[in-house]
Amino acid sequence: MAYLSRTLLASILLLYSGLVAGLTSTLQQVTNYGTNPTKVGMYYYKPTTVKPNPAVIFAIHYCTGTAQAYFSGSPYAQLADTYGFIVIYPSSPNSGTCWDVSSKATLTHNAGGDSLGIANMVPYAISTWGADPNRIFVTGSSSGAMMTNVMCAVYPNLFAAATVYSGVAAGCFVSSSGGVDAWNSSCAQGQVSQTSAQWATQVRAMYPGYTGPYVPIQEYHGTADTTLYPENLGEEVKEWAGIFGYNAAAPTQVLQNTPLSGYTKSIYGPALQGAYFFLILNRR
Ligand SMILES: *[C@@H]1O[C@H](CO)[C@@H](O)[C@H](O)[C@H]1NC(C)=O
């Protein structure tokens, strides 16, 4: 299931394909990095020169995407060269290369699923590259955006901050029959609506007994997304507002044309921001 239109992908690739050519290093694969029950692929980009105890950004691809496609179609490798950090590109093991954000295992701390495979890349990065455990970040697009929310809900202990581009709330794509990598139309179409308290209870149940901090997060969504309807931004905001104790109905600040022209950014507190952008692609 393609969450992003071909037009949108083509323009992203066109935008960034020039950047891969001038990089200081290349995309590499790690075959054995730790417990990985669903066989998630691990790829990384490590510039020739990195900062001591480098930061790491996990960049999680969209459905139909691959680590290679996200590497060449996003700016993170170029930015890694500039700032001296490492990028890890997990690669989905599922047919159609969506991420499993629906099974009980993936939605439960240390219970298995794609989320555990991704989580176990963190200790590998720390022990192999001396990565700074306090500067591990996660981002993703579409199915990778869903997975970013899932990582923040199920493994909040691992990440310092997250950015989510066009996803759904963690737990929204749940499969009632326990299915792995299942499509959930009611969630996709914005028909799943819960209160902040309900979402927060659901998130906390994904890592029972966890009392540490959750991950500061920015959520972005296009207003004309016809695959993952824009209502999903509201649910993501409610979810994390519930976790952080903010009021999802009352942002502390609303900024027009921020961070770019056409975006409306709402700030709910120090750990949560949401932004709509006027997406004119991806129309049906
Ligand atoms: C889709 O997700 C919702 C929760 O977000 C759940 O109630 C519903 O049962 C799921 N649908 C299927 C077909 O699993």
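One structure accompanies this document, and this report is about it. Please read all numbers here as calculations on a predicted model, not as lab measurements. Numbering of residues starts from 1 in each chain and follows the order in which that chain's sequence is written. In keeping with the predicted nature of the model, local features appear solely for residues at pLDDT of at least 70, side-chain atom pairs appear and are counted solely at 80 or more, and the whole-chain, interface and lining totals rest on all residues. To get the side-chain values, all heavy atoms of the structure are used, and hydrogens and water are removed first.

## Things to note about the pairing of strand E8 (residues 253-256)
Thought 1: Note on pairing: DSSP must find at least two bridges between two strands before they are called paired. Secondary structure elements are taken from DSSP: a helix is a run of H or I of four residues or more, a strand is a run of E of two residues or more, and numbering for both begins at the N terminus. Two strands pair when backbone bridges link them, and E8 and strand E9 (residues 263-269) are joined in this way by four bridges, in the antiparallel orientation. Bridge assignment links Gln256 to a residue of E9, and that residue is Thr264.
Thought 2: If you look at the hairpin formed by E8 and E9, you'll find six residues sitting between the two strands, and Asn257 has a positive phi there, around 50 degrees.

## A closer look at the site of the ligand
Thought 1: We call a residue near a molecule or strand when any one of its heavy atoms sits within 4 Å of it. Taken together, the residues surrounding the ligand are Gly171, Cys172, Val174, Ser175, Ser176, Asn184, Ser186 and Val192.
Thought 2: With respect to the ligand, the backbone of Ser176 contributes an N or O atom lying 2.8 Å from an oxygen atom.
Thought 3: Any pair of nitrogen or oxygen atoms within 3.5 Å is treated as a polar contact; in protein, a donor-acceptor pairing is required on top of that, and neighbouring residues in sequence qualify only through side-chain atoms on both sides. Here an oxygen atom of the ligand sits 2.3 Å away from a polar atom, N or O, in the side chain of Asn184.
Thought 4: Burial of the ligand by the protein amounts to 59% of the accessible area it has alone, namely 370 Å².
Thought 5: For this classification, the nonpolar set comprises Ala, Val, Leu, Ile, Met, Phe, Trp, Tyr, Cys and Pro, the charged set comprises Asp, Glu, Lys and Arg, and every other residue, Gly included, is treated as polar. Grouping the constituent residues of the shell around the ligand by class yields three nonpolar, five polar and no charged. Note on areas: Shrake-Rupley with a 1.4 Å probe; residue coverage comes only from the protein chains shown.

## Details of helix H3 (residues 76-83)
Thought 1: Whether a residue is buried, partly exposed or exposed follows from its accessible area with a 1.4 Å probe, protein chains only, as a fraction of its type maximum: under 20%, in between, or over 50%, in that order. Taken as a whole, H3 has its buried residues at Tyr76, Ala77, Ala80 and Asp81. Across the axial projection of H3, the buried residues extend over an arc of 145 degrees, all falling on one side. Opposite its buried face, H3 presents the exposed residues Thr82 and Tyr83, each directed more than 90 degrees away.
Thought 2: Residues are treated as being in contact if the distance between any of their heavy atoms lies within 4.5 Å. Summarising the contacts, the buried residues of H3 are in contact with strand E2 (41-45), strand E3 (56-60), helix H2 (67-73), strand E4 (86-91), strand E5 (136-141) and strand E6 (161-165).
Thought 3: Just past H3, the residue Gly84 takes up positive phi, approximately 80 degrees. Throughout, the arc means the angular range of directions from the helix axis out to the C-beta atoms.

## Comments concerning the nonpolar core
One recurring pattern in soluble globular proteins: nonpolar side chains tend to sit buried together.
Thought 1: Membership of the largest hydrophobic core comes to 62 residues, with the highest contact counts inside it found for Phe58, Ile88, Phe159 and Trp240.
Thought 2: For this core, the element with the highest residue contribution is helix H6 (residues 143-154), accounting for eight residues.
Thought 3: Excluding its chain neighbours within four sequence positions, the residues that come into contact with Phe159 are Phe58, Val122, Ile136, Phe137, Val138, Met151 and Val215.
Thought 4: Nine residue types can take part in a nonpolar core, namely buried Ala, Val, Leu, Ile, Met, Phe, Trp, Tyr and Cys, and a core is a set of them joined through side-chain atoms within 4.5 Å. One finds Tyr45, Ala77, Ala80 and Phe85 within the second-largest nonpolar core, a separate group that totals 16 residues.

## Re the sheet that holds E6
The strands making up a sheet are joined through hydrogen bonds of the backbone, oriented either antiparallel or parallel.
Thought 1: Spatial strand order, E1-E2-E4-E3-E5-E6-E7-E10-E9-E8: 10 strands in an open sheet with mixed pairing. What marks the edges here is a single partner per strand, and that holds for strand E1 (27-30) and E8. The mean angle between the axes of side-by-side strands here comes to 20 degrees, regardless of whether they run parallel or antiparallel. Lines fitted to C-alpha atoms define the axes here, with helix axes fitted over just the stretch in contact, and angles between the N-to-C directions of these axes take values from 0 to 180 degrees.

## Digging into the pattern of salt bridges
Thought 1: By definition here, a salt bridge exists when the distance from a side-chain nitrogen of Lys or Arg to a carboxyl oxygen of Asp or Glu is within 4 Å. Applying the stated criterion across every chain, the model contains two salt bridges.
Thought 2: A salt bridge links Glu235 to Lys238, with the shortest nitrogen-to-oxygen separation between them at 3.0 Å. Residue Glu235 and its partner Lys238 are both found in helix H9 (residues 231-244); the two are separated by three residues, about one turn of the helix. Residues Glu235 and Lys238 agree in their burial class; the two are buried.

Any link to function would need more than the numbers given here.
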